[in-house]
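Listed here are the chains, written in short residue letters.
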Amino acid sequence: MKKGILVGVGVIVLLTIMVWADRKFPAAGRQPVNASSTASDAAMPSIVMKDLNDRDVTLAQYKGQVVLVNFWATWCEPCKIEIPWMIEFQKKYSSRGFTILGVSMDEEGKKVINPFLEKERFDVDGQKEAVNYPILVGNDSIADKFGSLVGLPTSMLFTRDGKKVKTIVGLVNHDDIAKAIEGLL
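Residues numbered from 1 in each chain as written. Predicted model: local features only at pLDDT ≥ 70, side-chain atom pairs only at ≥ 80, totals over all residues. Heavy atoms only, no water.

1. Some thoughts on the pairing of strand E3 (residues 48-51)
Alright, step 1. Burial along E3 is one-sided: Met49 and Asp51 are buried, and none of Val48 and Lys50, which face the opposite way, are.
Alright, step 2. Count of turn residues in the E3/strand E4 (residues 56-58) antiparallel hairpin: four residues, of which Asp54 carries a positive phi of about 65 degrees.
Alright, step 3. Strand direction decides the pairing type here: E3 and strand E9 (residues 135-137), joined by two bridges, are antiparallel. Paired with Lys50 across the strands is Val137, a residue of E9. (Buried < 20%, exposed > 50% of the residue type's maximum accessible area, 1.4 Å probe, protein only. Helix = DSSP H or I, 4+ residues; strand = E, 2+ residues; numbered from the N terminus. Pairing = 2+ DSSP bridges.)

Written out as structure tokens, the structure is:
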């Protein structure tokens with residue numbers, strides 16, 4: 001009897017917390033962790049970011065290409081799992097009008113990004129390779145212009161005409177994202 005009452009109270013408390021959280025943090029524009037969505041009407045944001053040489057980079061520069069924007073950080077273990085896949089995709093599809101833009105969300109910026117990229121080599125088909133796609137310096141303001149981030153890594157796939165077709169929060173599925181990229185090329 002006591003166990004049933006405790007379970008009932010626990011369920012009520014949990015539901016109360018869920019209702020409060022839903023009101024406090026509305027779900028519009030949010031993706032649950034490890035979720036994938038499609039949003040064919042969302043456009044590439046008009047934004048200027050800095051590359052690692054302090055040059056301005058705009059997403060508009062990549063109009064006409066399929067673009068995968070990959071938010072990551074040097075400390076993020078799932079991000080490090082994805083990097084070899086990103087290198088592979090860049091090698092495989094860049095000649096067909098595809099690019100990845102890696103947006104580092106490291107708070108320390110270039111101070112940690114540059115040494116990481118200089119030192120780290122990733123296993124791609126049995127070869128140790130460096131990151132081969134542009135790395136940009138991100139921050140919370142930039143992330144907000146993409147609709148905010150729930151976690152890292154987060155990847156967003158854009159068509160040649162700048163429409164967002166997919167958002168993946170968490171580790172991408174290699175085969176699914178490869179199919180999605182190929183479908184847009």
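Text resumes after the structure shown.
2. Some words on the packing of aromatic side chains
Alright, step 1. Applying the stated rule across the entire model yields six aromatic pairs.
Alright, step 2. Pairing Phe146 with Phe158 gives two aromatic rings, centres 6.5 Å apart and planes at 70 degrees, and the pair type is edge-to-face. Taken together, the residues Phe146 in the loop between helix H4 (140-145) and strand E10 (154-158) and Phe158 in strand E10 connect sequence positions 12 residues apart.
Alright, step 3. Classification of Phe158 as buried rests on a relative accessible area of 1%.
Alright, step 4. Taken together, the aromatic side chains of Phe71, Phe146 and Phe158 make up a single cluster linked through ring pairs. (Phe/Tyr/Trp six-rings, centres within 6.5 Å; stacked < 30°, edge-to-face > 60°.)

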